[in-house]
Amino acid sequence: MLKPVYLTEDDAVAIIDQRRLPLEVVWLKLRAVSEVAEAIKTLAVRGAPAIGIAAAYGVYIAVKDFTEGYDAFYERFRKAKKLLASTRPTAVNLFWALDRMERVLKENPLLPVHKLVKKLRAEAVKIQEEDLESCIRMGELGAELLPDGARVLTHCNAGALATGGYGTALGVVRKGYEKGRVELVWVDETRPLLQGARLTAWEMEYEGIPYKVVTDNMAGFLMSKGMVDVVIVGADRIAANGDTANKIGTYSLAVLARHHRIPFIVAAPVSTFDLSLSRGADIPIEERNELEVLEFRGVRVTPKGAKAYNPAFDVTPSELISFIVTEKGVIEPPFSKNIEALLRNEDKV
Ligand code: MRU
């Protein structure tokens, strides 16, 4: 099972450098929290669940060798948490994982520091293990929604590379293929950084799942010709009403899917929900460097002096979503009511 991030025996954060895929497969060993923060910012590690996992390991390595008093230890933890939380604003899994790590400290105020360090390590590893289990479960639940011989269109990369392993949207594709239900995957290129063409295609090759890469502007044509049976995407943050932030371009696909009466499925773990936000309009959208649009893999493709706008995510209104697949179950409309019911249930577990 491909894991894009893991903690080594000697406590380095190992990541596969996703900036260099698919041309080179390079593993990096990060030993400082600043390196982990930089890796998240520059998308060496990316995808909502994966950045949460990397951040949990990052905050652990920031404090693991600290032996001075509790207050200084906590202060160092807070600084590391702040640094990691400043890397990317949209995927809520990042903040969720960091808060979960801080809870370990809050719940054990009387433990000596060396024991807290051990607990933090265990918690970070657990966050990754749980994510992997969630992805496998989502795969099983989501595969049941696929028609036989499905031609699935997906956007960006919501695969093993974006998670603790296995993937959310691609977990559904993997399981669906295993069950003989997936005939073809349309892989949206995903401009400007090509997470589809570079990463999803690489995962499909690795798994031997039949796929074709298409540029983002081809989806409408494919749908109009009856060549897409279902759209499946991941998510970076889901508001209480089901509005879903995901990679820029997802919203356009949802509008197209509705027009062509094609089911539009979001697959995301419970850690991607942000019930503090009642609607998607309140989700902070990351704006990235304009050079990502003005250049193509480092080569200028626009006139000198050209300016660009580069929002990294958009929000799909919940009325365009057919199902949200989570590890706790498949949520159907009406989303506000059903999300609350599922997550309230989750709190009780
Ligand atoms: O900017 P990225 O590559 O981190 O964006 C990733 C996405 O938008 C994914 O679709 C999302 O994080 C879901 S990953 C399981």
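Values in this document were obtained by computation on a predicted structure and should not be read as measured data.

### Some remarks on the environment of Arg-31
For step 1, the next point in the chain: With respect to the helices and strands, the residue Arg-31 is situated in the loop between β3 (27–30) and α1 (33–41).
For step 2, the next point in the chain: Residue Arg-31 is classed as partly exposed on the basis of its relative accessible area of 45%.
For step 3, the next point in the chain: Linking Arg-31 and Ala-62, residues 31 residues apart in sequence, is a C-alpha distance of 8.7 Å.
For step 4, the next point in the chain: Setting aside anything within four residues of it in sequence, one finds Arg-31 in contact with Asp-10, Ala-12 and Ile-61.
For step 5, the next point in the chain: At 2.9 Å, the side chain of Arg-31 and the side chain of Asp-10 are in polar contact.

### Examining the sheet that holds strand β5 (residues 182–188)
The strands making up a sheet are joined through hydrogen bonds of the backbone, oriented either antiparallel or parallel.
For step 1, the next point in the chain: Read from one edge to the other, the open sheet built from seven strands follows the order β6-β5-β4-β7-β10-β15-β16, with strand pairing classed as mixed. This sheet does not close on itself; its edge strands, each paired only once, are β6 (211–214) and β16 (329–331). Put simply, the sheet's adjacent strands are angled 25° from each other on average, direction ignored.
For step 2, the next point in the chain: Pairing of strand β7 (residues 230–233) with strand β10 (residues 264–267), which is carried by three bridges, proceeds in the parallel orientation. Counted as the bridge partner of Val-233 is Val-266 from β10.
For step 3, the next point in the chain: Seen against the sheet, helix α9 (residues 250–259) touches β4 (150–154), β5, β7 and β10 and runs at an angle of roughly 145° to β10.

So, how was this worked out
- Residues numbered from 1 in each chain as written.
- Predicted model: local features only at pLDDT ≥ 70, side-chain atom pairs only at ≥ 80, totals over all residues.
- Heavy atoms only, no water.
- Helix = DSSP H or I, 4+ residues; strand = E, 2+ residues; numbered from the N terminus.
- Buried < 20%, exposed > 50% of the residue type's maximum accessible area, 1.4 Å probe, protein only.
- Contact = heavy atoms within 4.5 Å.
- Polar contact = N/O pair within 3.5 Å; in protein donor to acceptor, adjacent residues only side chain to side chain.
- Pairing = 2+ DSSP bridges.
- Axes fitted to C-alpha atoms, helices over the stretch in contact; angles between N-to-C directions.

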